[in-house]
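Residues per chain are reported as follows:
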Amino acid sequence: MTMTQLQHYERSRKRLADGDIAFMEMVAHPTNPMTREDLQALIKLRPDHYSRFSGWLDVLPNRKI
């Protein structure tokens, strides 16, 4: 079945929204929140997916040693 432009748009919008929600869950995790180093590693591993969150590098805390 061929999808309409609206269906393509909605599928892409939902995929981005789901990624945003997953990212925010990682950032706000109660026992293991994301750190700057975690995000840097994710960006290095999959820049096509995680580079859109690079603005968070200035906001996230450093890993505690």
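Above this note sits the structure.
What follows covers the environment of Thr4. Along the polypeptide, Thr4 turns up in the segment before helix 1 (5-27). When its relative accessible area of 42% is taken as the criterion, Thr4 is described as partly exposed. Separated by 13 residues in the primary sequence, Thr4 and Ala17 place their C-alpha atoms 20 Å from one another.

A word on the packing of aromatic side chains. Taken as a whole and assessed by the stated rule, the structure comprises two aromatic pairs. On the basis of an interplanar angle of 5° and a centroid distance of 4.0 Å, the ring pair of Phe23 and Phe53 is categorised as stacked. A residue pair is termed long-range when its members are at least 10 positions apart, and Phe23 in helix 1 and Phe53 in the segment after helix 3 (47-50) qualify at 30 residues. Residue classification places Phe23 among the buried positions, given a relative accessible area of 1%. Assessed through its relative accessible area of 6%, Phe53 is described here as buried. Taking the centre distance of 5.5 Å and the plane angle of 70° together, the rings of Phe23 and Trp56 count as edge-to-face. Placement of Phe23 in helix 1 and of Trp56 in the segment after helix 3 is noted, with a sequence separation of 33 residues between them. Chaining the aromatic ring pairs together yields one cluster made of Phe23, Phe53 and Trp56.

Buried together is how nonpolar side chains tend to be arranged in soluble globular proteins. Core analysis: the biggest nonpolar cluster contains eight residues, these being Phe23, Val27, Met34, Leu39, Ile43, Tyr50, Phe53 and Leu60. Listing elements by their share of this core, those giving two or more residues are helix 1 and helix 2 (36-45). Those residues in contact with Leu60 that sit more than four places away from it in its chain are Val27, Met34, Thr35, Arg36 and Leu39.

Compared with the 33 Å implied by 1.5 Å per residue over 23 residues, the 33 Å span of helix 1 between its first and last C-alpha is a close match. Within the span of helix 1, buried status applies to Gly19, Phe23 and Val27. Turning to helix 1, the residues buried within the fold contact helix 2.

Moving on to the pattern of salt bridges. Evaluated as defined, the whole model comprises four salt bridges. When the shortest N-O distance is used, the salt bridge between Lys14 and Asp18 registers 3.1 Å. Highlighted residues: Lys14 and Asp18, both in helix 1, separated by four residues, approximately one helical turn. On the accessibility criterion, Asp18 (38% relative accessible area) is partly exposed. Here Asp38 and Arg63 are joined by a salt bridge, their closest N and O atoms 2.6 Å apart. Of this pair, Asp38 sits in helix 2 while Arg63 sits in the segment after helix 3; the two residues are 25 residues apart in sequence, bridging distant segments of the chain. Accessibility expressed as a relative area gives 25% for Asp38, which makes it partly exposed. Accessibility expressed as a relative area gives 45% for Arg63, which makes it partly exposed.

Calculation notes
- Residues numbered from 1 in each chain as written.
- Predicted model: local features only at pLDDT ≥ 70, side-chain atom pairs only at ≥ 80, totals over all residues.
- Heavy atoms only, no water.
- Helix = DSSP H or I, 4+ residues; strand = E, 2+ residues; numbered from the N terminus.
- Buried < 20%, exposed > 50% of the residue type's maximum accessible area, 1.4 Å probe, protein only.
- Phe/Tyr/Trp six-rings, centres within 6.5 Å; stacked < 30°, edge-to-face > 60°.
- Core = buried A, V, L, I, M, F, W, Y, C linked by side-chain atoms within 4.5 Å.
- Contact = heavy atoms within 4.5 Å.
- Expected span 1.5 Å × (residues − 1).
- Salt bridge = Lys/Arg side-chain N within 4 Å of Asp/Glu carboxyl O.

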